[in-house]
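Below, each chain spelled out in residue letters.
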Amino acid sequence: MSLLNSSSMMLPINLPILPLKCLQNNVFQKCLLPRNVLNEIGASPGDWAKCWFHLVENENLNFGLCQLFPRDGDADSVCYLDVTVCKFMPPRNDEQQQMLDHIELMQRNNEIPLEEVEISFSLSADGIMSLSSIPRTSLRDIALILLQPYHFCTSCMVISPELQRIGIDYISIQINSNNNSSRFVLTDNTKVIFGNISNISLTNYYECRNLTCFGGVSAFKKARKELDDLMETATIHRGSKSSHIMNLNILLVGAVGCGKTSLVEDFFFQNMCNVFRLKTSNLIKQYPGEAETELRNFFKNVKYFNDNFPSKGVNVILMEDVHLLCQQPKVKANNSETSTNAMRILTQFLSLLDELNRTKRGILCVGTTHNTEVLDESVKRPGRFDKEITISALSLEDRHTILEELFKESLPNNIFPTHVIDLVSKQTQGYVLADLALFSRNVTHAILTKPTESHEEIMTECLKKSKPASVRETDVTVCKTYERFSKIGGMDQLKKILEVTVLAGLKQEKSFRRFGLSLPKGVLLYGPPGCAKTTIAKCLATEANMTFIATSGAEVYSPYVGCAEKFIAKIFNTARKNAPCLIFLDEIDSLIGRRSVNGSSGDVQIRILSTILTEMDGIMGSNALDGVNANNHILVVAATNRPDMVDDALMRPGRFDKLIHVPAPDYNSRRAILALYKEKMPFATDVDIDQIAELTQNFSGADICNLCNEAAINAFQRDFNANEIKHEDFVHILKTSLKSSLTQSQIDWYYDFERRFHR
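Given the structure is predicted, the values throughout are model-derived calculations rather than measurements. (Residues numbered from 1 in each chain as written. Predicted model: local features only at pLDDT ≥ 70, side-chain atom pairs only at ≥ 80, totals over all residues. Heavy atoms only, no water.)

*Asks:* What am I meant to see in the packing of helix 12 (residues 418–426) against helix 14 (residues 455–465) here?
*Replies:* Packed helices, taken two at a time, are described by their axes: the angle between them and the distance between them. It is at 11 Å that the axes of helix 12 and helix 14 come closest, and there the two elements cross at 10°. Relative to helix 14, the element helix 12 is oriented roughly parallel. Between helix 12 and helix 14, the residues in contact are His-419, Val-420 and Val-424 and Glu-456, Met-459 and Leu-463, respectively. (Axes fitted to C-alpha atoms, helices over the stretch in contact; angles between N-to-C directions. Helix = DSSP H or I, 4+ residues; strand = E, 2+ residues; numbered from the N terminus. Parallel < 35°, antiparallel > 145°, perpendicular 65-115°, else oblique. Contact = heavy atoms within 4.5 Å.)

*Asks:* Whenever I open this one, the sheet that holds strand 15 (residues 274–278) confuses me. Can you help?
*Replies:* Where strands meet in a sheet, backbone hydrogen bonds hold them as pairs that are either parallel or antiparallel. As summarised here, the arrangement of the five strands in space is 15-16-17-14-18, forming an open sheet in which the pairing is parallel. Bordering the open sheet on either side are strand 15 and strand 18 (388–390), each of which pairs with just one other strand. When strand polarity is set aside, the average angle formed by the axes of neighbouring strands in this sheet is 25°. Note that strand 14 (residues 249–253) and strand 17 (residues 364–369) share five bridges and pair parallel. Bridge pairing in strand 17 places Ile-250 opposite Val-366. (Pairing = 2+ DSSP bridges.)

*Asks:* Teacher, can you tell me more about the pattern of salt bridges here?
*Replies:* When their charged atoms lie close together, side chains carrying opposite charge are able to pair. Scanning the entire structure with this criterion turns up 21 salt bridges. Notably, a salt bridge pairs Arg-576 with Glu-615, separated by 3.0 Å at the nearest N-O pair. Of this pair, Arg-576 sits in helix 20 (residues 563–577) while Glu-615 sits in helix 22 (residues 603–617), and the two are 39 residues apart along the sequence. Overall, Glu-615 belongs to the buried group, its relative accessible area being 14%. Here Glu-728 ties to Arg-718 by a salt bridge, and the two come within 4.0 Å at their closest N and O atoms. A residue pair is termed long-range when its members are at least 10 positions apart, and Glu-728 in helix 27 (residues 727–736) and Arg-718 in helix 26 (residues 701–718) qualify at ten residues. Taking the relative accessible area as the measure of exposure, Glu-728 reaches 46% and is therefore partly exposed. Given the relative accessible area of 34%, Arg-718 is considered partly exposed. (Salt bridge = Lys/Arg side-chain N within 4 Å of Asp/Glu carboxyl O. Buried < 20%, exposed > 50% of the residue type's maximum accessible area, 1.4 Å probe, protein only.)

*Asks:* Explain unusual backbone geometry here, please?
*Replies:* The phi angle of most residues is negative, glycine excepted, and most peptide bonds adopt the trans form. Not every positive phi belongs to a glycine, and Met-491 is a case in point at roughly 55°. Along the polypeptide, Met-491 turns up in the loop between strand 19 (478–479) and helix 16 (492–507). Given the relative accessible area of 10%, Met-491 is considered buried. Non-glycine residue Asn-545 carries a positive phi angle of around 60°. Following the sequence through the fold, Asn-545 ends up in the loop between helix 18 (533–543) and strand 21 (547–551). A relative accessible area of 18% places Asn-545 in the buried class.

*Asks:* Would you mind going over the nonpolar core with me for this structure?
*Replies:* One broad trend across soluble globular proteins is that nonpolar side chains are buried collectively. In terms of nonpolar packing, the biggest core is built from 47 residues, with Phe-268, Phe-416, Phe-439 and Val-443 touching the most fellow members. For Phe-439, the contacting residues outside a window of four places in its chain are Leu-403, Phe-407, Val-424, Met-459, Cys-462, Leu-463 and Ser-466. Judged by nonpolar contacts, the second largest core, of 35 residues, contains Phe-572, Cys-581, Ile-619 and Ala-649. (Core = buried A, V, L, I, M, F, W, Y, C linked by side-chain atoms within 4.5 Å.)

*Asks:* Any chance you could explain the packing of aromatic side chains here in plain terms?
*Replies:* Any two aromatic rings considered together are summarised by their centre-to-centre distance and by the angle between their planes. Here the structure, examined in full by the defined rule, presents eleven aromatic pairs. Look at Phe-548 and Phe-584: their rings are 6.1 Å apart centre to centre, the planes differ by 25°, and that puts the pair in the stacked class. Taken as a pair, Phe-548 in strand 21 and Phe-584 in strand 22 (residues 581–585) lie far apart in primary sequence, 36 residues in all. The exposure class of Phe-584 is buried, given its relative accessible area of 2%. Each member of the aromatic cluster is reached from another via a ring pair, and the members are Tyr-526, Trp-749, Tyr-750 and Phe-753. Cation over ring: Lys-50 sits above Phe-63, and NZ or CZ is 5.1 Å from the ring centre. If you follow Lys-680 out to its NZ or CZ, it ends over the ring of Tyr-677, 4.6 Å from the centre. (Phe/Tyr/Trp six-rings, centres within 6.5 Å; stacked < 30°, edge-to-face > 60°. Lys NZ or Arg CZ within 6 Å of the ring centre and 35° of its normal.)

Here it is in C-alpha cells:
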C-alpha cells in the first residue's frame, strides 16, 4: 500500500521558508520544495499536504494547506510556501524567519464537496464601514464566491489579499467532520452558515500577552470572575424575551501597565466575542463636528451588525482609556473653543450610549481607565458606567507566579532556583505586570550578554536599576534601603525591642494571629540628636523587607492652601501601591506640633495633623482579627527630638503603638561604634578604643563619627605621607577642639520622659 493511500503521516523536515510571492504572483496554496526533499518524503508533484512551520524564536506550530511541487536549481536549502489557508493568523512581520518543521501528507484523490459550512468573519475597521450596507444574503454570496477557489481542512482560516482589500482580515472555516486527512471544497450548492462577525484587530491581539498562563494570579482571578458574571448576564439578556433592560456597561480600573488590555483581550478571545474598538485617536479631527460624526457612524455600525448578523459570541464595544474621551471639560478663558469641543463630544457619546442601553440588544460596553478622578460625573451615574472592576495590586504570591512564567518563557533553558524567585518577589513591591515583564527582559538581556556572571548577581543588579511605574509617575520619593542593624554599633537592647514588637509581627504573621495580636501601625522614635533615629528607620525597612518613603516638613509645606494636605494623602496612596511600605516622618514635631489649648497653633499644622490622623486610621491590615496580610501592611515611623511637642492624638495606641527611646550611646555602644569605624578606617595598632570610649562620655553617634573624621584629618596634617590614624590623633582632638554635643541634663530628660510615657 502506498504511503499516500494509508493514514496520514508526519514526515519531519527542517528548511527555512520564503514567501511564494517571491517567485510566483497570483498563485496560492502551493509549496515549492527541493526535488530531493520531495523524493525523500515519497510525495508526487501535485500532492496535497499540511506544511507545519514555526518561527525561529517561537515553537508554536502553524500549518499552510497547499500542493507540493519540486523546485530545481539553487533552491536546495529553502522552500517557498503560501499560507493563504492556515491554522491560525501568522505574524504580520515578514522579517521574522519561519522554519518548515514537518509535512503531513493528505489522502490522494479525496476531495469532498461540502453540503454545509460555518464561516466566521473578522473585519478590519475599514471592513465595518464598507460592508455595513451589504445585505446579509449578499454577504453570504460574496463569501461563497471568494472561497470557492480554495481547498480546506476541518478547521482553518483563509487569509488573502482579495479579502483584505474589501475589509475582511480573515474568514474562519468550521467543517463538521472527523476526517482530518481529507480536503474539502465549496460548490454553488454549499449552504453557508454565519458564525461570528467581528472586527477583532489581530495586530492588537497578538501584541497583547495571553493571561491564561497567569491563571493563579489572584488580582486577575477576581477581575476575571466579575467579567464572567457580566458575560453570563449579557448572554441571558440576548436570549430573554422579557422587556426588562439590563445595564451591560462596566469600567475596568487599574494602574498603568497592570494588564487591563491584556485581560480583556484574552477574555474576549476565550469567549469568542465580536469586539468593536472605539479608539480615542480616531476622534481627533481637524474641524468641529467631525468627531461627533465619527461617533455616530461607529455606533450605527455596531447596531447594524448586532441586528443583522446574529452570532454565537456576544457583541462588545471596547473603549480603552475612556478618561481621554469622558473627562470633565476644563473651562479656560484663553481656550474656550477646546473646552466647547470636548463638551460636545462628551455629550454626543453619552447620548449614543443611552440610546444603545434603551434598546434590548445585549451589547456589552467595556471601558478601561487608570484615572477615574478625571471622569465626568455624568459618566458614572446609574445606567451608564455604574459598575467598576478594579484590578488590585499584585501580592507576593502573584509576583512569584508571574516571574516564574516570564522566566520560563524568556529563558527556558535556565531554570532559576525557587529562592532566587522568592528574593525577587519580595523586592518588587508596587510592580505591575508591565514592570515585571520589563524586568524579565532586562534580566534575560543581561544573562545573554554576560554569561560569566552568576544569575543572582545579575538579578540584584537589575533590581537596583529598575523602578515600578507607580514610583515614576509621582513626585513622592520611594526607594529600597539596604542598611541593616549590623551597621549600627551597640544598642542591643533597642534592637531586641524592635525585633519583638515590630519585626516579629511582620515576619511571624501566623503566630501573631494565633495570639490575636495586631500588626503595629506606627512607631515613634525619640531621643537626643545624632543618635541614629533615621538610620534605625532605614534598617527597620530593610529587615522588614519594606519599601521606604521619607518626608519632612520642608517637603510637605507649600505656600498654597491645601497642597500640604494633598501631598500627605499622596504619600499614603503611593505607600498603598508599594505595600508593604514604611513611611518615615522625620522631625514630626516641626511637621505637626502640639495643638494648644488657647488655639495659637497654626491652621496649616492643624490641617496636616487632621490629614495624618485620618490616613493612619484608614491604614488597612492592622487588626489581626480582620485577616491581616503583612504583604499589604503600611508602617508609619516618626522621629523627633522633642516628644513632648507631639500631639496627644498621635501618641495614643492605635496610631503610634510603640514609643521607643533611642538613647545616647553608653560605653558598650560607643565601643561598638568605634569598632565599626576601625574596620573602615586605617587605625594604628596603638589605638585603644576602650580608652577612647571612656573619654567620649555623653557623645552621640554623630559625635563619634565626627571624632573619627577629625582624627583622620589631624593625622593627614601631621604627616602628608601618613597611612594610619594613631591614638595620639584621637587624644589631641578630644583635648583641643571636639566636645560632646549633649549634656547630662538632656540625656536625663529623655530617660525621665521614658519613665512617664513607657509603652
